[in-house]
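Fold and contact review
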Amino acid sequence: MGASDLRGVTNDAFSAYYKQQLGLTDQEWSALEACLRSPLPVTWRFSGNDERAISLRASMEQSLLPLLNEQPTSLPWYPDRLRWQFGVS
């Protein structure tokens, strides 16, 4: 079963539970469920902020990123460009 197949799986007990717990109308639940089923981006981070992490990030930026058709972006709220996001899933 692939990722697109999994996005179509339903669970009536799950839906009923969260609709009741959150007090959602059918329309609100449909909107929330659509968000839950949307693909997430690929993210990664370099652990720590020491010299090795900075060096690894610099190596990735210089060697790997120029080879990619679609470019990942660093997340602006994480220090030293050590957390990245790729718009594929």
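Residues numbered from 1 in each chain as written. Predicted model: local features only at pLDDT ≥ 70, side-chain atom pairs only at ≥ 80, totals over all residues. Heavy atoms only, no water.

Digging into the overall build of the protein
- Helices and strands together make up the secondary structure of the protein, namely four helices and three strands.
- Listing each helix as α and each strand as β along the protein from the N terminus yields α-α-α-β-α-β-β.
- Over its C-alpha trace the protein gives a radius of gyration of 19 Å, far above what one expects of a compact globule, namely 12 Å for 89 residues.
- Judged by the C-alpha coordinates and their principal axes, the protein covers about 50 × 25 × 20 Å. (Helix = DSSP H or I, 4+ residues; strand = E, 2+ residues; numbered from the N terminus. Rg over C-alpha atoms; globule rule 2.2 N^0.38 Å.)

Digging into the pattern of salt bridges
- The full count for this structure, using the stated rule, is five salt bridges.
- A salt bridge links arginine 57 to glutamate 61, with the shortest nitrogen-to-oxygen separation between them at 3.4 Å. Here glutamate 61 and arginine 57 lie together in helix H4 (residues 51-64), a separation of four residues that amounts to about one turn.
- Judged by relative accessible area, which is 10%, arginine 57 ranks as buried.
- A relative accessible area of 22% places glutamate 61 in the partly exposed class.
- A salt bridge links glutamate 61 to arginine 81, with the shortest nitrogen-to-oxygen separation between them at 2.9 Å. (Salt bridge = Lys/Arg side-chain N within 4 Å of Asp/Glu carboxyl O. Buried < 20%, exposed > 50% of the residue type's maximum accessible area, 1.4 Å probe, protein only.)

As for the confidence of the model for the protein
- Taken as a whole, the protein shows an average pLDDT of 90; of its residues, 97% reach a score of 70 or greater.
- Within the protein, the element-level pLDDT minimum falls on helix H1 (residues 3-6), averaging 72, and the maximum on H4, averaging 95. (pLDDT = per-residue confidence, 0-100.)

Looking at helix H2 (residues 12-22)
- Near the N-terminus of H2, the side chain that reaches the backbone nitrogen of alanine 13, with its oxygen 3.0 Å away, is that of asparagine 11.
- Glycine 23 sits one or two residues past H2 and shows a positive phi near 65 degrees. (Polar contact = N/O pair within 3.5 Å; in protein donor to acceptor, adjacent residues only side chain to side chain.)

Description of the sheet that holds strand S2 (residues 73-74)
- Reading across from one edge, S1-S3-S2 is the order of the three strands in this open sheet, with antiparallel pairing throughout. The open sheet has two edge strands with one neighbour each: strand S1 (42-45) and S2. (Pairing = 2+ DSSP bridges.)

Re the side chain of arginine 57
- A polar atom in the side chain of arginine 57 sits 2.5 Å from the backbone oxygen of aspartate 80.
- Those residues in contact with arginine 57, other than ones at most four positions away along the chain, are Phe46, Asp80, Arg81, Leu82 and Trp84. (Contact = heavy atoms within 4.5 Å.)

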